[in-house]
Amino acid sequence: MTTIIQNATIVTGDPGRTVLHGSAIAVDGDRIVAIGPTGEVSAAHPVAERVDGAGKAVFPGLINCHTHLLATADRGILEDFGFPTTLRFPVAARALLTEEERQVMATLGALEAIRSGTTCLLEIQAGVAGHAETLAKTGLRLVLAHNFNDVDEAKMREGAFQFLPDRLDQGLQRSADLIGAWHGKENGRVSCFMAPHAPENCSPDLLRRARAMAEHYDIGYTIHLSQSHLEVEAVMRTRGVKPTQYLFANDFLGPRLVVAHGRYLDPSEVALLGQTGTAISNNAAIAARRGAAAPARELLAAGCAMGMGTDNMAEDMVEVMRTGLFLERVRRNDEMWPTPEDVLEWATLGGAKALGMADAVGTLEAGKKADLFMVDTQRPHLVPTLRIASAFVHQGQPADITDVMADGRWLMRDSKVLTIDEDEVVRQAERIGHEAWRRVLDRYPDVPFPIKLPPQP
Ligand SMILES: [Zn+2]
């Protein structure tokens, strides 16, 4: 059955940044089959379910190129102590979740993602296979990556870097198992990436073998890069070069790679990323919380594809877009660039390019997959709707988003999420989050903790 969203404003996000008024978008199965004036699209599809888009704007679904959904358990705590955290606990709460609790916290993250207009996300997590099925049921387009490294972590905490071949083999095997179980599943809605963790804790052998595996399976791969001063110092000390140069020297950079963060890159590193066609996930909101910013303008000028991501503790891509605009204008003392249309493109088509999906998603065009969200524009902070992409990036809120579709299926309709029992997940996640942090405090009673936790709800 064809679905037609009609009489809407359609922000296509196409390369010409076309915005259509009084227009319709027809979806059949998982694909957009037509976009144009409501009368024409309607006449061409006499039998269809019709959704009234009057007073609404339709946008391409947002693409989150870097997240860790289980970090929702650390919300309210780990935003404010730097990275790596200055809290002295050897673990974060998310590391002490049971398998069942992991399902709930991952679903909580997915819920927030859907409510903020996300239709696709790259979830990077050690043992992601454990919550893959739960996530697949949310209806989101997913790129799943098993996060691993091959360093001796106990010794690394003392400043020594030793690498363990068994640990490397195990990480590659778990990645291969994940790919075998999930890549291309659910009508192609679920795919996989390789995810070595970061330059300081991955050996040259790991980098080379992970890239070779990505090429073997014809998939992408990702890594944290220039995420912390500690990383830069550790790589300089152990490898004698900057982190990006270390990756380059081991044939790791290239068009299949999405590097996340890029907060402390020097110009030579930006040039290497550009010349190798490497893509970046600009995680602006978490960067701002860390007092840092990726050099967006320089990375784009060097030729990098730019996506955006949330990283830890939040899944709100609306906030990420706005922070990305603010952060870059402040960083360069530039009151006009980037434009709202620029950051919207980073969070849609840019992300699709980074993830190697630009043929299928990232814009609203006939023939592409139907991944979209609808905004109620008749809100006090959005009218007059003279330039709706600008109004939404500057003033929009997730609560303005009423409907979300991924792969042609409604995930949210009239502000109700259809694929998740929202009340139950929120209730359980509240309990689990409190219990998990109590576990941390019980296990390490001698570690100073500057926060007084409230009573257990
Ligand atoms: Zn991360």
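Small disclaimer: the values here were computed from a predicted structure and weren't measured.

Remarks on the overall build of the protein chain
Phase 1: Within the protein chain, the regular secondary structure consists of 15 helices and 17 strands.
Phase 2: With the C-alpha coordinates aligned to their principal axes, the bounding extent of the protein chain is approximately 70 × 55 × 45 Å.
Phase 3: Within the protein chain, the fraction of its 457 residues that count as buried is 52%.
Phase 4: Once local pairs closer than 6 in sequence are excluded, the contacts in the protein chain between residues at least 24 apart make up 72%.

Let's talk about the nonpolar core
Phase 1: Core analysis: the largest hydrophobic core is formed by 139 residues, its most contacted members being Ile 25, Val 58, Met 105, Leu 144, Ala 145, Met 321 and Ala 347.
Phase 2: Sort the elements by how many residues they give to this core and helix α2 (residues 99-115) lands first, with 8 residues.
Phase 3: When residues of this core are sorted by domain, at least three fall in each of domain 1 (3-60 + 365-417) and domain 2 (62-354).

Some remarks on helix α7 (residues 229-239)
In an α-helix, one full turn covers 3.6 residues, which means residues spaced three or four apart are oriented alike.
Phase 1: Among all positions of α7, only Glu 231, Val 232, Ala 234 and Val 235 are buried. The buried residues of α7 occupy an angular sector of 165° when the element is viewed end-on, so they sit on one face. More than 90 degrees from the buried face of α7, the exposed residues found are Glu 233 and Arg 237.
Phase 2: Of the surrounding secondary structure, the elements contacted by the buried residues of α7 are α8 (243-249).
Phase 3: Phi turns positive one or two residues past the end of α7, at Gly 240, with a value near 80°.

A short note on the domain arrangement of the protein chain
Phase 1: When cut into domains, the protein chain gives domain 1 (3-60 + 365-417) and domain 2 (62-354).
Phase 2: Taking only C-alpha atoms, the centre of domain 1 and the centre of domain 2 are 30 Å apart.
Phase 3: With 22 residues of domain 1 at the contact, the number on the domain 2 side is 24 residues.
Phase 4: Within the residue set of the side of domain 1 that touches domain 2, elements represented by two or more residues are β5 (56-60), α14 (388-395), β15 (401-406) and β16 (409-413).
Phase 5: In terms of residue count, the dominant contributor to the side of domain 1 that touches domain 2 is α14 (4 residues).
Phase 6: Looking at the side of domain 1 that touches domain 2 residue by residue, the classes come out as 12 nonpolar, 5 polar and 5 charged.

A word on helix α13 (residues 340-354)
Phase 1: Taking 1.5 Å as the rise per residue, α13 with 15 residues should run 21 Å; its terminal C-alpha atoms sit 20 Å apart, in good agreement.
Phase 2: The largest bend along α13 reaches roughly 40° and is located at Trp 346.
Phase 3: The element α13 is extensively covered by neighbouring structure, given that 14 of its 15 residues are classed as buried.
Phase 4: Downstream of α13 by one or two residues, Gly 356 has phi in the positive range, about 75°.

Remarks on the pairing of strand β10 (residues 220-225)
Phase 1: Counting buried residues along β10, 6 of its 6 residues qualify, which places the element largely inside the surrounding structure.
Phase 2: Because side chains alternate across β10, one face comprises the buried residues Gly 220, Thr 222 and His 224, and the other comprises Tyr 221, Ile 223 and Leu 225, equally buried.
Phase 3: Handedness of the β-α-β unit built from strand β9 (residues 190-196), helix α6 (residues 204-217) and β10 comes out right-handed.
Phase 4: Note that β10 and strand β11 (residues 257-261) share 5 bridges and pair parallel. Bridge assignment links Leu 225 to a residue of β11, and that residue is His 261.

Some thoughts on the packing of α2 against helix α3 (residues 129-136)
Phase 1: Where α2 contacts α3, the axes come no closer than 9 Å and their chain directions differ by 45°. Considering the angle they form, α2 stands oblique to α3. Note that α2 runs across α3; the crossing there is right-handed. Across the interface between the two elements, Glu 99, Arg 102, Gln 103, Ala 106, Thr 107 and Ala 110 of α2 pack against Gly 130, His 131, Thr 134 and Leu 135 of α3.
Phase 2: Its residues placed into classes, the contact of α2 with α3 shows 3 nonpolar, 5 polar and 2 charged.

So, the packing of helix α5 (residues 165-182) against α6
Phase 1: Orientation of α5 relative to α6, taken along the N-to-C sense of each, is 15°, at an axis distance of 11 Å. Regarding the angle of α5 to α6, the classification is roughly parallel. The two elements α5 and α6 meet at a crossing, and its hand is right-handed. Between α5, through Leu 168, Leu 172, Ser 175 and Ile 179, and α6, the contact on the second element is made entirely by Asp 205, Leu 206, Arg 209, Met 213 and Tyr 217.
Phase 2: For the contact of α5 with α6, the residue count by class is 6 nonpolar, 1 polar and 2 charged.

What about the environment of Arg 439?
Phase 1: With respect to the secondary-structure elements, Arg 439 resides in helix α15 (residues 422-443).
Phase 2: A residue is classified by how many C-beta atoms lie within 10 Å of it, and Arg 439, with 15 of them, is partly exposed.
Phase 3: Spatially, the C-alpha atoms of Arg 439 and Leu 97 are 9.4 Å apart, while their sequence positions differ by 342 residues.

Quick notes on the pairing of β9
Phase 1: In terms of residue burial, β9 counts as a mostly covered element, since 7 of its 7 residues are buried.
Phase 2: Here β9 shows no split at all, with Val 190, Cys 192, Met 194 and Pro 196 on one side and Ser 191, Phe 193 and Ala 195 on the other all buried.
Phase 3: Relative to β9, strand β8 (residues 141-148) is paired through 7 bridges, and the arrangement is parallel. For His 146, the partnering residue across the bridge sits in β9 and is Met 194.
Phase 4: Strand direction decides the pairing type here: β9 and β10, joined by 2 bridges, are parallel. If you follow Met 194 over to β10, its bridge partner there is Tyr 221.

Some points on unusual backbone geometry
Phi is mostly negative for residues that are not glycine, and the peptide bonds are mostly trans.
Phase 1: Across the junction of Phe 83 and Pro 84, the peptide omega takes the value -5°, indicating a cis bond.
Phase 2: By secondary structure assignment, the location of Pro 84 is in the loop between β6 (62-67) and α2.
Phase 3: Going from Trp 337 to Pro 338, the amide bond is cis rather than trans, its omega being 5°.
Phase 4: Even without a glycine there, the phi angle at Asn 7 is positive, about 60°.

Focus: the environment of Ile 32
Phase 1: Mapping Ile 32 onto the fold places it in strand β3 (residues 31-37).
Phase 2: Separated by 217 residues in the primary sequence, Ile 32 and Ala 249 place their C-alpha atoms 43 Å from one another.
Phase 3: Contact partners of Ile 32, with chain neighbours within four places excluded, come to Ile 25, Val 27, Leu 364, Glu 365, Ala 366, Gly 367, Lys 368 and Ala 370.

Rules and cut-offs
- Residues numbered from 1 in each chain as written.
- Predicted model: local features only at pLDDT ≥ 70, side-chain atom pairs only at ≥ 80, totals over all residues.
- Helix = DSSP H or I, 4+ residues; strand = E, 2+ residues; numbered from the N terminus.
- Buried ≥ 20, exposed ≤ 12 C-beta atoms within 10 Å, placed from the backbone.
- Contact = placed C-beta atoms within 7 Å.
- Core = buried A, V, L, I, M, F, W, Y, C linked by C-beta atoms within 7 Å.
- Domains from an automatic or database assignment.
- Arc of directions from axis to C-beta.
- Nonpolar A, V, L, I, M, F, W, Y, C, P; charged D, E, K, R; others polar.
- Expected span 1.5 Å × (residues − 1).
- Bend = angle between axes of the 7 residues up to and from the residue.
- Right-handed = clockwise from strand over helix to strand, strands pointing away.
- Pairing = 2+ DSSP bridges.
- Axes fitted to C-alpha atoms, helices over the stretch in contact; angles between N-to-C directions.
- Parallel < 35°, antiparallel > 145°, perpendicular 65-115°, else oblique.
- Left-handed = near helix turned anticlockwise from the far one by under 90°.

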